Amino acid sequence: MKRVGFIINSRVPELASVRKGMPPHALVSGWDDAGSPMSFMRFRWIAEALEKSGSDWRYELYRPWRGYAAVVFLKSMGGHCLSLASRLCAAGTCVLFEANVDYYTRFEGEPPLDAMAPGAEQREDAVAMTQSARGVIASSWHLAEVCKAFNPRTAWIPDNVNLSLRPAAVQTEPFREGRLQVWWSGMAAKLFEFLAAEDTFLALADRIHLQLVTDEVEKAKSRWPAAVRERLEHLLARVPHTLHRFRDIRHLLGLYAGGGVIVSPRFLDVPYNLSHTEWKISLGMACELPAIASPVPSYLDLADRSKNGAVAICRTNEEWKSAFENFLSDPSRLRASGAAAFEVVRLHYETGVVARQHAAWIEKMAHAK
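Here the structure is a predicted model, which means the values were calculated and not measured.

Points about helix α2 (residues 37-53)
Turning to step 1, where the next piece is worked out: The sharpest bend along α2 reaches about 35 degrees and sits at R44.
Turning to step 2, where the next piece is worked out: For α2, the capping residue at the N-terminal end is S36, with a side-chain oxygen 3.0 Å from the backbone nitrogen of M38.
Turning to step 3, where the next piece is worked out: Just downstream of α2, G54 is the residue with a positive phi angle, here 85 degrees.

Focus: the pattern of salt bridges
Turning to step 1, where the next piece is worked out: The full count for this structure, using the stated rule, is 20 salt bridges.
Turning to step 2, where the next piece is worked out: A salt bridge links E98 to R42; its shortest N-O distance comes to 2.6 Å. With E98 in strand β4 (residues 94-99) and R42 in helix α2, this pair connects stretches of sequence that are 56 residues apart. When sorted by exposure, E98 lands in the same class as R42, which is buried.
Turning to step 3, where the next piece is worked out: Among the salt bridges present, the one from D159 reaches R42, with a minimum N-O distance of 2.6 Å. Linking D159 in the loop between β6 (154-156) and β7 (175-176) with R42 in helix α2, this pair joins segments that are 117 residues apart in sequence. As far as the burial class goes, D159 and R42 line up, both buried.
Turning to step 4, where the next piece is worked out: Each member of the salt-bridge network shares a partner with another, and the members are R3, E60, R63 and R66.

Observations concerning the nonpolar core
Turning to step 1, where the next piece is worked out: Of all hydrophobic cores here, the largest spans 65 residues; its most connected members are F73, F201, L210, V263 and F324.
Turning to step 2, where the next piece is worked out: In terms of residue count, helix α13 (residues 317-328) provides more of this core than any other element does, five residues in total.
Turning to step 3, where the next piece is worked out: In contact with L210, not counting residues within four places along its chain, are V182, F194, F201, L235, L236, V239, P240, H241 and T242.
Turning to step 4, where the next piece is worked out: The next biggest cluster of nonpolar side chains, apart from the first, holds 38 residues, and it includes M285, F342, V345 and Y349.

Overview of the packing of helix α3 (residues 79-90) against helix α4 (residues 120-132)
Turning to step 1, where the next piece is worked out: Their axes nearest at 10 Å, the elements α3 and α4 cross at an angle of 10 degrees. Our classification of the angle between α3 and α4 gives roughly parallel. In contact with C81, L82, A85 and C89 of α3, α4 contributes A128, M129 and S132.

Details of the sheet that holds strand β5 (residues 135-138)
Turning to step 1, where the next piece is worked out: Taken in spatial order, the six strands of this open sheet run β2-β1-β3-β4-β5-β6, and their pairing is parallel. Only two strands of the sheet have a single partner each, and these edge strands are β2 (57-61) and β6. On average, each strand axis in the sheet is tilted by 25 degrees relative to the strand beside it, whichever way the strands run.
Turning to step 2, where the next piece is worked out: Where strand β1 (residues 2-8) meets strand β3 (residues 70-74), five bridges bridge the pair, whose relative direction is parallel.

Here we look at the pairing of strand β8 (residues 179-185)
Turning to step 1, where the next piece is worked out: Among the seven residues of β8, six are classified as buried, and the element is accordingly described as predominantly covered.
Turning to step 2, where the next piece is worked out: Of the pairings in the sheet, the one linking β7 to β8 comprises two bridges and is antiparallel in character. By the bridge assignment, R176 is partnered in β8 with R179.
Turning to step 3, where the next piece is worked out: Adjacent in sequence and paired antiparallel, β7 and β8 are bridged by two residues, among which E177 carries a positive phi angle near 50 degrees.

Some points on the packing of aromatic side chains
Turning to step 1, where the next piece is worked out: A full pass over the atoms with the stated rule returns 13 aromatic pairs.
Turning to step 2, where the next piece is worked out: With 4.9 Å between their ring centres and 40 degrees between their planes, F6 and F43 make a pair best called tilted. One end of the pair, F6, is in strand β1; the other, F43, is in helix α2, and 37 residues separate them in sequence.
Turning to step 3, where the next piece is worked out: On the accessibility criterion, F6 (2% relative accessible area) is buried.
Turning to step 4, where the next piece is worked out: What makes F43 buried here is its relative accessible area of 3%.
Turning to step 5, where the next piece is worked out: With a centroid separation of 6.0 Å and 50 degrees between ring planes, the pair formed by F201 and W320 is classed as tilted. Here F201, found in helix α6 (residues 198-203), pairs with W320, found in helix α13; they are 119 residues apart in sequence, far enough to count as distant. Both residues of the pair, F201 and W320, belong to the buried class.
Turning to step 6, where the next piece is worked out: Three or more aromatic residues joined by ring pairs make a cluster, and in this case those are W184, F194, F201, W320 and F324.
Turning to step 7, where the next piece is worked out: The ring of F342 is capped by R166, whose NZ or CZ atom sits 4.3 Å from the centre of that ring.

Quick word on the environment of W279
Turning to step 1, where the next piece is worked out: Of note, W279 is situated in helix α11 (residues 279-285).
Turning to step 2, where the next piece is worked out: Overall, W279 belongs to the buried group, its relative accessible area being 13%.
Turning to step 3, where the next piece is worked out: Setting aside chain neighbours within four positions, we find W279 in contact with P37, F40, M41, W45, D159, N160, V161 and I249.

Examining the layout of surface pockets
Turning to step 1, where the next piece is worked out: Within this model, the largest pocket holds a volume of roughly 1100 Å³.
Turning to step 2, where the next piece is worked out: What lines the largest pocket is a set of 43 residues, and nearest its centre among them are P37, M187, K190, H276 and W279.
Turning to step 3, where the next piece is worked out: Taken together, the elements giving at least two residues each to the lining of the largest pocket come down to α2, β9 (208-214), α9 (249-256) and α11.
Turning to step 4, where the next piece is worked out: Among the elements that take part in the lining of the largest pocket, α2 stands out by supplying four residues, more than any other.
Turning to step 5, where the next piece is worked out: Here the lining of the largest pocket is composed, by residue class, of 20 nonpolar, 12 polar and 11 charged.
Turning to step 6, where the next piece is worked out: By volume, the second largest pocket amounts to about 160 Å³.
Turning to step 7, where the next piece is worked out: As for the second largest pocket, its lining consists of W45, E48, A49, K52, N162, L163, S164, E350, T351 and G352.
Turning to step 8, where the next piece is worked out: Elements with a minimum of two residues in the lining of the second largest pocket: α2 and α15 (351-366).
Turning to step 9, where the next piece is worked out: Among the elements that take part in the lining of the second largest pocket, α2 stands out by supplying four residues, more than any other.

Rules behind the numbers
Residues numbered from 1 in each chain as written. Predicted model: local features only at pLDDT ≥ 70, side-chain atom pairs only at ≥ 80, totals over all residues. Heavy atoms only, no water. Bend = angle between axes of the 7 residues up to and from the residue. Helix = DSSP H or I, 4+ residues; strand = E, 2+ residues; numbered from the N terminus. Polar contact = N/O pair within 3.5 Å; in protein donor to acceptor, adjacent residues only side chain to side chain. Salt bridge = Lys/Arg side-chain N within 4 Å of Asp/Glu carboxyl O. Buried < 20%, exposed > 50% of the residue type's maximum accessible area, 1.4 Å probe, protein only. Core = buried A, V, L, I, M, F, W, Y, C linked by side-chain atoms within 4.5 Å. Contact = heavy atoms within 4.5 Å. Axes fitted to C-alpha atoms, helices over the stretch in contact; angles between N-to-C directions. Parallel < 35°, antiparallel > 145°, perpendicular 65-115°, else oblique. Pairing = 2+ DSSP bridges. Phe/Tyr/Trp six-rings, centres within 6.5 Å; stacked < 30°, edge-to-face > 60°. Lys NZ or Arg CZ within 6 Å of the ring centre and 35° of its normal. 1 Å grid on protein atoms, 1.4 Å probe; cavity = no way out; pocket = protein on both sides within 12 Å on 5 of 7 lines; lining within 4 Å. Points joined across faces, edges and corners; volume = space filled by probe spheres on them. Nonpolar A, V, L, I, M, F, W, Y, C, P; charged D, E, K, R; others polar.

See the structure below:
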């Protein structure tokens with residue numbers, strides 16, 4: 001058995017971490033961040049899939065007292081992470097860094113949200129971890145290309161979808177009271193991204209219903225500039241919508257099973273959005289929701305792998321309107337495009353498929369010099 005230890009979201013199990021909220025038993029069991037997708041999707045789901053497959057590799061939370069063939073710093077950086085990584089490297093352990101955000105590209109200007117542009121310290125920490133690691137895992141192809149400037153041993157391993165959480169019955173009610181159900185999930189602070197296709201949503205206000213799975217919308221409003229807040233409030237006042245509180249992925253997929261389409265409008269003038277993964281739409285596609293989205297690089301990758309209208313990439317409001325009309329004018333297309341959406345997820349993004357890619361890269365790096 002070959003063990004791989006994971007450090008998630010900079011949670012290093014050491015005595016100093018007890019002061020930061022780590023329970024003392026984590027020194028023995030490892031320090032998890034259970035509510036984070038970094039933990040359940042990019043670690044736990046993959047670990048479980050490998051164990052079920054009979055793989056020689058065993059993934060677990062990093063325990064300081066155990067020896068490892070490799071240790072993965074999953075979105076984990078900063079001085080304490082770099083110090084541990086240096087000690088592990090000196091002891092001959094393969095150290096890998098896993099990145100999911102573009103902390104590398106400097107952004108000049110004012111980002112829509114502060115979190116969408118890295119600070120100088122974040123960039124320095126990310127570069128240091130990337131350069132010191134034997135290899136790097138990036139969650140999108142675009143981010144992998146960015147990381148290769150600092151470490152050529154970089155592999156793209158996409159976000160994965162645990163299809164065991166998918167309801168058996170999907171597309172059960174794509175139209176309600178004659179309106180196409182349009183799904184979106186994300187942090188409420190990012191609802192402003194709907195303004196990337198503002199004219200389309202306003203034009204279709206009498207024919208669609210937005211289903212928004214998110215958190216505290218009222219709190220998010222304070223993070224938007226006044227002009228943005230005014231436009232978005234106008235859009236939501238005009239377009240019928242329902243707010244759902246995000247609970248967990250099983251609940252989210254249960255909502256998606258109702259049917260319709262999934263959307264992801266995005267502004268692409270900040271590196272943060274360019275490096276995003278396909279997960280925002282692939283989760284919906286797993287429930288046979290065709291996707292209508294902005295040309296985020298990871299969405300383009302997914303569209304290239306898709307057939308039969310599973311993904312519509314829209315660069316202009318005219319293209320957004322046309323993509324919606326495709327389903328509004330002929331609702332029967334939802335079934336065929338939805339089936340194609342599920343198929344591309346099953347073939348390329350299902351947890352077991354991605355787990356094999358992950359283990360193969362670990363194996364390669366563990367034997368690299």
